[in-house]
Amino acid sequence: MTFTPVTPADLEPGTTRFVQHEGAAYLLVRDAEGALHALDGLCSHALLPLEGARVRRGHVLCPHHGARFEIATGAAKGPPAYCGVRTWPVRERDGMIELDSHA
Ligand code: FES
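Nothing here was measured: the structure is a model prediction, and the numbers come from that model.

**Details of the pattern of salt bridges**
The full count for this structure, using the stated rule, is 3 salt bridges. Arg 91 serves as the salt-bridge partner of Glu 98, at 2.9 Å between the closest nitrogen and oxygen. Overall, the relative accessible area of 29% leaves Arg 91 in the partly exposed class. We note a salt bridge from Arg 93 to Glu 98, for which the minimum N-O separation is 3.7 Å. On the basis of relative accessibility, which here comes to 8%, the residue Glu 98 falls in the buried class. Through salt bridges that share partners, Arg 91, Arg 93 and Glu 98 make up one connected network.

This is how it looks when you write it as structure tokens:
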């Protein structure tokens, strides 16, 4: 498994950060417990960027039409999205956030 550094951003619990790398978009999420996650950065409803997505009760909310995705699995949990978004391996190492974009 090859991890690619994406951003050194420091994510506070309960926040997200939209990043783009090598032509792909990702949403980094720090859940309320402090665990780091990475999801596809485009919403499965209308393929709009999840930039600005909010975290609520284990889910991220799309800022466009309110679709809800489970942070841990990317599963769609609320309309208008009925398909989930992919999750990606992510980790923190040496003060960096690294995402495996080839998984
Ligand atoms: S683009 Fe996300 S809910 Fe429509």
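**What about the pairing of strand E4 (residues 36-40)?**
Of all the 5 residues making up E4, 4 are buried; the element is thus mostly covered by neighbouring parts of the structure. In this structure, strand E3 (residues 24-30) lies alongside E4, joined through 5 bridges in antiparallel fashion. Within the sheet, the bridge partner assigned to Leu 27 lies in E4 and is Leu 39. Counted between consecutive antiparallel strands, the loop separating E3 from E4 contains 5 residues, among which Gly 34 sits at a positive phi close to 100°. In this structure, E4 lies alongside strand E9 (residues 87-88), joined through 2 bridges in antiparallel fashion. When the sheet's bridge partners are listed, Leu 39 is paired in E9 with Thr 87.

Parameters and conventions
- Per chain, the residues get numbers from 1 upward, laid out in the order the sequence is written.
- It should be noted that, the model being predicted, local features are given only for residues of pLDDT at least 70 and side-chain atom pairs only at 80 or more, the latter also being counted only at that level, while totals for whole chains, interfaces and linings use all residues.
- Note that the side-chain values use all heavy atoms of the structure and ignore hydrogens as well as water.
- Whenever Lys or Arg places a side-chain nitrogen within 4 Å of a carboxyl oxygen from Asp or Glu, that contact is recorded as a salt bridge.
- Partly exposed describes any residue whose relative accessible area lies between the buried limit of under 20% and the exposed limit of over 50%, with all areas from a 1.4 Å probe on protein chains only and scaled to the type maximum.
- Here a strand is any run of E in DSSP of at least two residues, a helix any run of H or I of at least four, and the numbering for each starts at the N terminus.
- Only strands that DSSP links by at least two bridges are regarded as paired with each other.

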